[in-house]
Amino acid sequence: MIQPEQIFTEQVLRGLFPPERANAFFDALFGDAGEGAYDIALTYAGYDPQANTLDFFLNLHERPGHCLACNLTYGLPEVFSRHPVINVKGLVGEIERLLGSDLQCADWRLGTTEQTGRSLHRIPLRIQLAKR
């Protein structure tokens, strides 16, 4: 029985998705990290033992002086799923490594962007687990 809340601490999540990755993403996208309207942080959202899934969020936090609501965040799941700097496939691989040798990440998907407030949007990441 896995205890993901003991694995996916804030420190581990920051290691999986470091804060500077948002700057690298905007630098690749715009040629200037300062053009980015948000920072990106990975958070753990829960484990469903019946469905055998792990849930995370890529939280988009508005940067001071920028407008998150003015940006096109609803198309980001498609962009994030393919972008080499965001590297969701690699992120899922790192999560799988942390789960140990008994489990593997059989599949993953990014959900649609959710607006939880004017200065916070989030993109769900659901990982389907399977025994090795």
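Data block above holds the structure.
Residues numbered from 1 in each chain as written. Predicted model: local features only at pLDDT ≥ 70, side-chain atom pairs only at ≥ 80, totals over all residues. Heavy atoms only, no water.

1. Section: the overall build of the protein
Phase 1 of the analysis: From N to C terminus, the protein includes five helices and five strands.
Phase 2 of the analysis: A total of 132 residues make up the protein; the buried ones form 39% of that total.
Phase 3 of the analysis: Of the roughly 7,300 Å² that the protein leaves accessible, carbon and sulfur atoms contribute 49%.
Phase 4 of the analysis: With 12 positive and 16 negative side-chain charges, the protein shows a spacing of 4 Å between the two charge centroids. (Helix = DSSP H or I, 4+ residues; strand = E, 2+ residues; numbered from the N terminus. Buried < 20%, exposed > 50% of the residue type's maximum accessible area, 1.4 Å probe, protein only. Areas by Shrake-Rupley, 256 points an atom, 1.4 Å probe, with all protein chains shown as cover. Lys, Arg positive; Asp, Glu negative; His and termini not counted. Charge placed at Lys NZ, Arg CZ, Asp CG, Glu CD.)

2. Regarding the pattern of salt bridges
Phase 1 of the analysis: Under the counting rule described, the total for this entry stands at seven salt bridges.
Phase 2 of the analysis: In this structure, E10 and R14 form a salt bridge, with 3.9 Å as the shortest nitrogen-oxygen distance. With E10 and R14 both in helix α2 (residues 10-16), this residue pair falls four residues apart, about one helical turn.
Phase 3 of the analysis: By relative accessible area, E10 is classed as exposed at 62%.
Phase 4 of the analysis: A salt bridge links R82 to E78, with the shortest nitrogen-to-oxygen separation between them at 2.5 Å. Taken together, the residues R82 and E78, both in helix α4 (residues 76-82) and four residues apart, mark about one turn of the helix.
Phase 5 of the analysis: On the basis of relative accessibility, which here comes to 59%, the residue R82 falls in the exposed class. (Salt bridge = Lys/Arg side-chain N within 4 Å of Asp/Glu carboxyl O.)

3. A short note on the nonpolar core
Phase 1 of the analysis: Core analysis: the biggest nonpolar cluster contains 32 residues, and Y38, I40, F56, F80, I95, L99 and I127 have the highest contact counts within it.
Phase 2 of the analysis: Within the residue set of this core, elements represented by two or more residues are α2, α3 (20-30), β1 (38-48), β2 (53-62), α4, α5 (88-99), β3 (103-110) and β5 (120-131).
Phase 3 of the analysis: It is α5 that provides the largest number of residues to this core, a total of five residues.
Phase 4 of the analysis: Excluding residues that lie within four positions of it along the chain, I40 makes contacts with F17, A22, L58, N59, L60, F80 and I86. (Core = buried A, V, L, I, M, F, W, Y, C linked by side-chain atoms within 4.5 Å. Contact = heavy atoms within 4.5 Å.)

4. Comments concerning the environment of E5
Phase 1 of the analysis: Among the structural elements, E5 can be located in helix α1 (residues 4-7).
Phase 2 of the analysis: Under the relative-accessibility criterion, E5 is labelled partly exposed at 46%.

5. Some words on α5
Phase 1 of the analysis: The terminal C-alpha atoms of α5, which comprises 12 residues, lie 17 Å apart, in line with the 16 Å expected from a rise of 1.5 Å per residue.
Phase 2 of the analysis: Listed in full, the buried residues belonging to α5 are V88, L91, V92, I95, E96 and L99. Buried residues of α5, viewed axially, fall in a sector of 145°; they line one side.
Phase 3 of the analysis: Just past α5, the residue G100 takes up positive phi, approximately 95°. (Expected span 1.5 Å × (residues − 1). Arc of directions from axis to C-beta.)

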